Amino acid sequence: MKKILLIFLIIFSHIAYAQSDCSTAMAVCGNTTISYTPNGHGDTLETIGGCLSSEKFSVWYSFTIAAGGTLTFEIVPNDLGNDYDFAVFGPNKTCATRGTPLRGSYAVTSGITGLNMTSTDLCDTVGGDKWAKYMDVLPGETYYLIVNNHSESANGFIMKWGGTATLASPFTDPNIQPHPFNPPGVAGATPADPREVPICSNPTLFDFSSLSAGIINGNPNFSVTYHYNQNEALTANNPITTPISVGITTEYYYSISYTDPLDANNPINKCRQTGKFKFKDGTIVAKDATLTMCNNNNAGTAVYDLTTADVFADPTATKKYYPTMHDLNAGTNEITSIYQYVSAEGKIYVKVTSQYGCVDTAEITLKFYPIVIAKNAFMRECFIESNPSTALFNLDNAPVITPAAGITKRYFPSLTDAVDATNEILNPTTYTAPNGVVYVRVSDTRGCYTVVKIELTVLPPVKSNVLKDKIICVEDKTTLDAGPGFKSYEWSTGATTQSIKDVGVGTYWVKLKTGECVTTQTVKIYPSEQPVITSIDVSNTTLTVNVIGGAPEYKYSIDNIIWQDSNVFNNIARGTYKVYVKDAYDCEPIVVSVLVPNLINIITPNGDGVNDVLDYSAIADKQNLIFNIFDRYGVKIHQADKSNGYKWDGTIAGKKIPTGTYWYSLTWNENDKKNTPFKFSGWIIVKNRE
């Protein structure tokens, strides 16, 4: 049974819907699913041959085998009530020499048709089950396929490949396509939705070729064309070649094709990979923002992190900052220190560019937080007695702030340390220091701070200028007076008066209070040094007292009544005396007993028993008693001591000496506490009779 159509309808379809001929067959690229809506018979109304009649709404394909095996496919009408036919020609034939189909179906039955592994028909005729036998194919073989919508409806079809064979495609060969293709824009709301390419205004004039480099992604020998519908994309008809005005409702298609640089007739050159996309409104709106930071230490500037300004929420956008709008528009003087931008209060400008190239600008106002209120202070503390140049300060007591919640204080030895927060003073409540300055970093909960200083003053000891050490006689008493002008007095004796009386030799202290500071001042009362009689010389009737120590000028007396300045007493008779000496302190005098022995001036050693010897044995009880005899030249010729009874008989070694005048000296130490040395000297005449 033949399918009959009115001749005018055939002609009309040809004119209105001409789509595909064998000579312009679309290449099938790999075993990918095909989707198409035929709406005409192409430029030539061809007779198919075999079990098929002529074209209706048809589309021609060519495919090349990459890997041999069995080949099946199924053609699924989008409306299963439609009648689709097909025919396969080849292998390796031209359109002019294609002959009759190798496989086909003309069953005049709606529904799914194709090749399967169970049918035995090579060409399924009218009334058949719409299925033909599978094909055994070899690598490199090229075939033609016509899919014909016998129902001539506006409904397309989907074609799926099966079997063990694979079809050649530049899109599955990594040697031809080393990189994945990138579809334009972003994914739609669902996988079935077209990709979405943002535009920065709606509508806008758009150059489709600007998408090509991103789609191709560096794959050589590929190109992209853009179309208004899928059929045009599949056939590369009616490409969009110039910029056009686009909106956000119309869908567009792209078509990727390959050109073998070594073989222009390579069948895979006809392969195309298509996709659809639309435009979405990518307009961005940047908003003005304010950044508030700390004007630390009232420096007049703050450090701003410009990236924290909430001008645009999309993290994929790029932002560039400029000091003026003129700089922003000109692209000059871009701010590069965006994380630590030092500035006074003012404004800067930011250019926001979305990941799709859409741009807007915003204004950032730079503000200061209110300054932290603090003031310089002074601290005065009493000296530390063990180290009078220092004092103990409680820095927390310095009135640098009015106490408030969230305000903290930290202390530092220098301004630099306070600004840098280094070398912090960790013991501010017990800070020992001399006169100087400490710096306080006063901070609030936002981290803002100001630095003020505390001047430290050590109140020095205040001593009495009139209270001095004294020297008194050991037996005397005196008065110690600290002088007026002190808030209070406390003496080591327990007295709380300005002065204390009747104090003797010793060490005393007084605590003198000035303001709130107490100075302990020590004062000593020394005993006067007593003079010492070093020796007493007696020569005939003269007595000479030799004195050291004490405080000259000395006074001398031999009766403790009459005192003289001279240490020489004249006309002293023989006998025992007491010599008194006192110094300028007029203390109790020292007393030494003095013996003025009997002075013998002549001996006549002739044996008559009268003046035969010089004899001082009467004072043999004196310590270290010695007397010596000297000739007129000063040569000692005799020494009288305990061994000879402190006597001399006028001889030398038993021989009488010549008559003449001789000298002698008599020395001893007195039996007193000082063992006072005495020296008694004189002359003697020796008369010897022959």
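Above: the structure in question.
Numbering of residues starts from 1 in every chain and runs along the sequence as written. Reporting in this predicted model follows two pLDDT cut-offs: at least 70 for local features of residues, and 80 or more for side-chain atom pairs to be given and counted; totals over whole chains, interfaces and linings ignore these cut-offs and use all residues. Note: side-chain values were computed over all heavy atoms of the structure, leaving out hydrogens and water.

Undergrad: What am I meant to see in the packing of aromatic side chains here?
TA: The way to describe two aromatic rings as a pair is by their centre distance and the angle between their planes. Here is the rule: rings of Phe, Tyr and Trp (six-membered ring for Trp) pair when centre to centre is within 6.5 Å. Planes less than 30 degrees apart are stacked, more than 60 are edge-to-face, and the remainder are tilted. Scanning the model with the defined rule gives 26 aromatic pairs in all. Look at Phe208 and Tyr226: their rings are 5.7 Å apart centre to centre, the planes differ by 45°, and that puts the pair in the tilted class. Remark: Tyr226 occurs in strand S18 (residues 222–227) and Phe208 occurs in the loop between strand S17 (204–206) and helix H2 (212–216); sequence separation between them is 18 residues. The residues Phe208 and Tyr226 share a single accessibility class, namely buried. Here a strand is any run of E in DSSP of at least two residues, a helix any run of H or I of at least four, and the numbering for each starts at the N terminus. Buried, partly exposed and exposed residues are distinguished by accessible area as a fraction of the type maximum, computed with a 1.4 Å probe on protein chains only: under 20%, between the cut-offs, and over 50%, respectively.

Undergrad: Before we go on, may I ask you to explain a nonpolar patch on the surface in this structure?
TA: On the surface, Ile471, Tyr526 and Tyr585 cluster together to form a nonpolar patch covering roughly 270 Å² of accessible area. By relative accessible area, Tyr526 is classed as partly exposed at 37%. Each patch is built from residues that are more than 30% exposed by relative accessible area and take part in no salt bridge. Like charges join if they lie within 9 Å; nonpolar side chains (Val, Leu, Ile, Met, Phe, Trp, Tyr) join within 5 Å. Each accessible area value is a Shrake-Rupley result obtained with a 1.4 Å probe; residue values ignore everything except the protein chains displayed when judging cover. Salt bridge, as applied in this entry: a Lys or Arg side-chain nitrogen positioned within 4 Å of an Asp or Glu carboxyl oxygen.

Undergrad: In this structure, what is going on with the sheet that holds strand S29 (residues 387–393)? I would like to understand it.
TA: The strands making up a sheet are joined through hydrogen bonds of the backbone, oriented either antiparallel or parallel. Within the open sheet, the 6 strands sit side by side as S30-S32-S33-S28-S29-S31. Their pairing is mixed. The outermost strands of the open sheet, each flanked by one partner alone, are strand S30 (408–412) and strand S31 (431–433). Each neighbouring strand pair of the sheet contributes to a mean axis angle of 35°, computed without reference to strand direction. Strands pair, by our definition, only if DSSP identifies at least two bridges between them. Judged from the 3 bridges that link them, S29 and S31 form a sheet pairing that is antiparallel. Residue pairing across strands places Leu392 opposite Thr432, the latter belonging to S31. Axis angles are defined between N-to-C directions and span 0 to 180 degrees, where every axis is a line fitted to C-alpha atoms and, for a helix, only to the segment in contact.

Undergrad: What am I meant to see in the sheet that holds strand S36 (residues 488–491) here?
TA: Strand order across the open sheet formed by 4 strands is S34-S39-S38-S36, with mixed pairing between neighbours. Strands at the two margins of the open sheet, each flanked by one partner only, are strand S34 (470–472) and S36. Across the sheet, the axes of successive neighbouring strands diverge by a mean angle of 25°, strand direction being ignored. Relative to strand S39 (residues 517–527), S34 runs parallel, the two sharing 3 bridges. From the neighbouring strand, Ile472 faces S39, where its bridge partner is Pro527.

Undergrad: Is there a simple way to explain the environment of Pro527 in this structure?
TA: Mapped onto the fold, Pro527 is located in strand S39. As a C-alpha pair, Pro527 and Thr318 span 209 residues in sequence and 96 Å in three-dimensional space. Two residues qualify as a contact provided that any one of their heavy atoms is within 4.5 Å of a heavy atom in the partner residue. Beyond its immediate chain neighbours, meaning those up to four positions away, Pro527 contacts Ile471, Ile472, Val474 and Val505.

Undergrad: Any chance you could explain the state of the cysteines here in plain terms?
TA: Joining two cysteines, a disulfide is a covalent bond between their sulfur atoms. Count a disulfide wherever a pair of cysteine sulfur atoms falls within 2.5 Å. For the structure on display, the rule yields 7 disulfides. Through a disulfide, Cys200 is tied to Cys358; the S-S separation comes to 2.0 Å. Sign of the S-S torsion, about -95° for the bond between Cys200 and Cys358, identifies this disulfide as left-handed. You can see Cys200 sitting in the loop between strand S16 (195–199) and S17 and its partner Cys358 sitting in the loop between strand S26 (346–353) and strand S27 (359–368), a full 158 residues away along the chain. Here Cys358 falls in the buried class, since its relative accessible area comes to 1%.

Undergrad: It is not clear to me how the pattern of salt bridges should be interpreted in this structure. Could you clarify?
TA: For side chains bearing opposite charge, pairing can occur when the charged atoms are close. By the definition in use, this model includes 11 salt bridges. Here Glu46 and Arg98 are joined by a salt bridge, their closest N and O atoms 2.9 Å apart. Separated by 52 residues along the polypeptide, Glu46 in the loop between strand S2 (34–36) and strand S3 (47–49) and Arg98 in the loop between strand S7 (84–89) and strand S8 (103–105) bring together distant segments of the chain. Just as Glu46 is buried, Arg98 falls in that class too. Its salt-bridge partner being Lys513, residue Glu516 comes within 3.9 Å of it at the nearest N-O pair. The exposure class of Glu516 is exposed, given its relative accessible area of 60%. Overall, Lys513 belongs to the partly exposed group, its relative accessible area being 23%.

Undergrad: How should I be thinking about the side chain of Thr72 in this particular structure?
TA: Within the element layout of this structure, Thr72 appears in strand S6 (residues 69–77). Judged by its relative accessible area of 10%, Thr72 is buried. Side-chain polar atoms of Thr72 contact the backbone nitrogen of Gly163, separated by 3.2 Å. Those residues within four positions of Thr72 in sequence are excluded, and the remaining contacts are Leu115, Asn116, Met117, Tyr134, Lys160, Trp161, Gly162 and Gly163. In protein, a polar contact requires one atom able to donate a hydrogen and another able to accept it; more generally it is a pair of N or O atoms within 3.5 Å, and residues adjacent in sequence count only if both atoms are side-chain atoms.

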